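So you can see what is in the structure, the chains are spelled out below.
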Amino acid sequence: MNMSMKKSKSPRNSPEAVKKRSQVGIRHGRHCVFLMHIHLVFVAKYRKRQFTKEILSFMEPIFRDVCTDFEAELKEFNGESDHVHLLINYPPKVAVSKLVNSLKGVSSRFVRKKKFPSLHKYIWMDSLWTPSYFAGSCGGAPLEVIKQYIEQQETPH
């Protein structure tokens, strides 16, 4: 086989190029590259102080499983007696409202099914969470840095 017939390796697939594309935390979809995080806060119904360490420990794997179903990843979870915080890395195809609906619905169902004695007096009409939630995008550069970067683009004449 002569040298001209050999396939040359594309510089796009060189070890250096692959390493550059594989930066920590950056995920790849079929047509996109992304790094999206959201901070969610769910509040207990009537802001009752109903969560114990045992209940929070019970909820964490439930939230992880729901995130996995959405091809998302629960990066951090914690809470206090009346609310929980979640930090989730999620793909752009996921609608945050659908993710939240599933997280709250599934966790509520499993926690109520477990029948924690400390929750018995707090759960009203089978609701664990308030209907509202906080969702904040986070990660990456501060907004001012991004605005400055966009302003500095070379607009064609």
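Placed above this text is the structure.
Just so it is clear, the model here is predicted, and its values are computed rather than measured.

Conventions we followed
- Position labels on residues start from 1 in each chain and follow its written sequence.
- The model is predicted, so local features are restricted to residues of pLDDT at least 70 and side-chain atom pairs to those at 80 or more, both for listing and for counting; the totals for chains, interfaces and linings are taken over all residues.
- The basis for the side-chain values is all heavy atoms of the structure; hydrogens and waters are excluded.
- Any two strands are treated as partners once DSSP identifies two or more bridges connecting them.
- Numbering of helices and strands starts at the N terminus; helices are DSSP runs of H or I of at least 4 residues and strands are runs of E of at least 2.
- Every axis corresponds to a line fitted to the C-alpha atoms, with the helix fit spanning only the stretch in contact, and the corresponding angles, defined between N-to-C directions, vary from 0 to 180 degrees.
- Note on contacts: a residue pair is in contact if any heavy atoms of the two residues lie within 4.5 Å.
- Here the aromatic set is Phe, Tyr and Trp, taking the six-membered ring for Trp, and pairing holds for ring centres within 6.5 Å; pairs whose planes are under 30 degrees apart are stacked, those over 60 apart are edge-to-face, and all others are tilted.
- Each residue gets one of three labels from its accessible area relative to the maximum for its type: buried under 20%, exposed over 50%, partly exposed in between, using a 1.4 Å probe on protein chains only.

## Overview of the sheet that holds strand β4 (residues 73-79)
Moving on, step 1. Pairing in this open sheet of 4 strands is antiparallel, and the strands run β4-β5-β3-β6 from one edge to the other. The open sheet has two free edges, formed respectively by β4 and β6 (129-138), since each of these has just one partner strand. Going across the sheet, the axis of each strand differs from the next one's by a mean of 20°, ignoring polarity.
Moving on, step 2. Seen against the sheet, helix α3 (residues 96-114) touches β3 (37-44), β5 (83-89) and β6 and runs at an angle of roughly 135° to β6.

## So, the packing of aromatic side chains
Moving on, step 1. Per the stated rule, a full pass over the model turns up 5 aromatic pairs.
Moving on, step 2. Relative to W129, the ring of F42 lies with its centre 5.7 Å away and its plane at 65°, an arrangement referred to as edge-to-face. Remark: W129 occurs in strand β6 and F42 occurs in strand β3; sequence separation between them is 87 residues.
Moving on, step 3. With centroids separated by 5.4 Å and ring planes inclined at 50°, the aromatic side chains of F63 and F77 adopt a geometry described as tilted. Of the two residues, F63 sits in helix α2 (residues 53-69) while F77 sits in strand β4, which places them 14 residues apart along the sequence. Note on accessibility: F63 and F77 belong to one class, buried.

Purely spatial values, then, with no claim about function.
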